Amino acid sequence: AQSVSQHNHHVILSEAASLELGCNYSYGGTVNLFWYVQYPGQHLQLLLKYFSGDPLVKGIKGFEAEFIKSKFSFNLRKPSVQWSDTAEYFCAVKQGSNTGKLIFGQGTTLQVKP
Amino acid sequence: DGGITQSPKYLFRKEGQNVTLSCEQNLNHDAMYWYRQDPGQGLRLIYYSQIVNDFQKGDIAEGYSVSREKKESFPLTVTSAQKNPTAFYLCASSATGQGGNQPQHFGDGTRLSIL
């Protein structure tokens, strides 16, 4: 079965540190990739997405992610985190089909210390 | 403002009881989804609907039922057959088209607990 794996379950960083959250998926066909974020007390919202073209995609709030097809990965990065980035981050994959069905990873809780 | 409204925010269920979670959207989206969120497991798809009067089972549909009589509404019933219903339930919607590449928009969720 197709799956999405996020390696880091809980990450603690100090402000200004660099961030990289891992995401790997198991599907050999065409995929579309997403990162969603859930800030404390807020609903899940889209951070960035990759459909095709440039494998380095930029999202909101200075986040970016790189699609590496050979590694089945879509890691999320930010050069310098802020306290306001404290949230739970979910990687999601849509398989090549005409439905919007997503498979989500387990989520990574990021805690940024001021 | 356009968005997705889930109600209630908190819900308690007695053993053997069916409960229904409401999800309404005013985004004019054709597709709607129900997910269950458990700690350490991410979101798992329960049911989804691409169009009114049609819906499909997701990965963990057992013990749940849905209906899609109106475009803006996609209620989820947690039946007594669901033996472990305590979880956070999220409803989402998306436009269709573009090969299903439209991002999903999420509601604030309903937390269901067993009495």
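Residues numbered from 1 in each chain as written. Chains lettered and ligands numbered in written order. Predicted model: local features only at pLDDT ≥ 70, side-chain atom pairs only at ≥ 80, totals over all residues. Heavy atoms only, no water.

Before we go on, may I ask you to explain the overall build of chain B in this structure?
The helix and strand inventory of chain B stands at zero helices and 11 strands. Here the C-alpha radius of gyration of chain B, 13 Å, is about what a compact globule of 115 residues would show, namely 13 Å. Dimensions along the principal axes, computed over C-alpha positions, put chain B at roughly 40 × 30 × 30 Å. Across the 115 residues of chain B, 48% fall into the buried class. In chain B, once contacts between residues fewer than 6 apart in sequence are set aside, the share between residues at least 24 apart is 53%. Carbon and sulfur atoms make up 45% of the accessible area of chain B, which amounts to about 5,500 Å² in all. Taking the average place of the 11 positive charges on the side chains of chain B and the average place of its 11 negative ones, the gap between the two points comes to 7 Å. (Helix = DSSP H or I, 4+ residues; strand = E, 2+ residues; numbered from the N terminus. Rg over C-alpha atoms; globule rule 2.2 N^0.38 Å. Buried < 20%, exposed > 50% of the residue type's maximum accessible area, 1.4 Å probe, protein only. Contact = heavy atoms within 4.5 Å. Areas by Shrake-Rupley, 256 points an atom, 1.4 Å probe, with all protein chains shown as cover. Lys, Arg positive; Asp, Glu negative; His and termini not counted. Charge placed at Lys NZ, Arg CZ, Asp CG, Glu CD.)

Looking at this model, I keep getting lost on the interface of chain B and chain A. Mind explaining?
When the parts come together, some accessible area is lost, and that loss is often what is quoted as the size of the interface. Contacts between chain B and chain A engage 19 residues on the former and 21 residues on the latter. Where chain B abuts chain A, roughly 1,700 Å² becomes buried across the two surfaces, and 54% of that area is made up of carbon and sulfur atoms. At the junction of chain B and chain A, the tally comes to zero salt bridges. Our enumeration of links across chain B and chain A arrives at four residue pairs in polar contact (both at pLDDT 80 or more). Among the elements of the structure, strand S4 (31–38) and strand S5 (42–51) of chain B are those that each provide at least two residues to the side of chain B that touches chain A. A class-by-class count of the residues in the side of chain B that touches chain A yields eight nonpolar, 10 polar and one charged. (Buried area = accessible area lost by both parts, 1.4 Å probe. Salt bridge = Lys/Arg side-chain N within 4 Å of Asp/Glu carboxyl O. Polar contact = N/O pair within 3.5 Å; in protein donor to acceptor, adjacent residues only side chain to side chain. Nonpolar A, V, L, I, M, F, W, Y, C, P; charged D, E, K, R; others polar.)

Help me understand the state of the cysteines, please; the structure alone is not making it clear to me.
Between two cysteines, a covalent bond joining their sulfur atoms is known as a disulfide. With the rule as written, the count across this model stands at two disulfides over all chains. Put simply, Cys23(A) and Cys91(A) are joined by a disulfide, and their sulfur atoms are 1.9 Å apart. Across the S-S bond of Cys23(A) and Cys91(A) the torsion is about -65 degrees, and the bridge reads as left-handed. A residue pair is termed long-range when its members are at least 10 positions apart, and Cys23(A) in the loop between strand S3 (19–21) and strand S4 (24–25) and Cys91(A) in strand S10 (residues 87–95) qualify at 68 residues. For Cys23(A), a relative accessible area of 0% corresponds to the buried category. With a sulfur-sulfur separation of 1.9 Å, Cys23(B) is cross-linked through a disulfide to Cys91(B). Across the S-S bond of Cys23(B) and Cys91(B) the torsion is about -75 degrees, and the bridge reads as left-handed. (Disulfide = S-S within 2.5 Å.)

So what exactly am I meant to see when it comes to the packing of aromatic side chains here?
Each aromatic ring pair is described using two quantities: the centre-to-centre distance and the angle formed by the ring planes. Inspection of the entire model under this criterion finds 15 aromatic pairs over all chains. Taking 6.2 Å as the distance between ring centres and 80 degrees as the angle between the ring planes, the aromatic pair formed by Phe104(A) and Phe106(B) counts as edge-to-face. Of the two residues, Phe104(A) is situated in strand S11 (residues 103–104) and Phe106(B) in strand S10 (residues 105–106); the pairing between them involves two chains. For the pair Phe104(A) and Phe106(B), one class covers both residues: buried. Ring centres of Tyr33(B) and Tyr35(B) lie 6.4 Å apart, and the angle between their planes is 25 degrees; this geometry places the pair in the stacked category. Residue Tyr33(B) is classed as buried on the basis of its relative accessible area of 1%. In this structure Tyr35(B) comes out as buried when scored by relative accessible area, which is 0%. An aromatic cluster is built from Phe34(A), Tyr36(A), Phe51(A), Phe90(A), Phe104(A), Tyr33(B), Tyr35(B), Tyr48(B) and Phe106(B), whose rings are joined through pairwise contacts. Over the face of the ring belonging to Phe74(B) we find Arg68(B), whose NZ or CZ atom lies 5.9 Å from the ring centre. (Phe/Tyr/Trp six-rings, centres within 6.5 Å; stacked < 30°, edge-to-face > 60°. Lys NZ or Arg CZ within 6 Å of the ring centre and 35° of its normal.)

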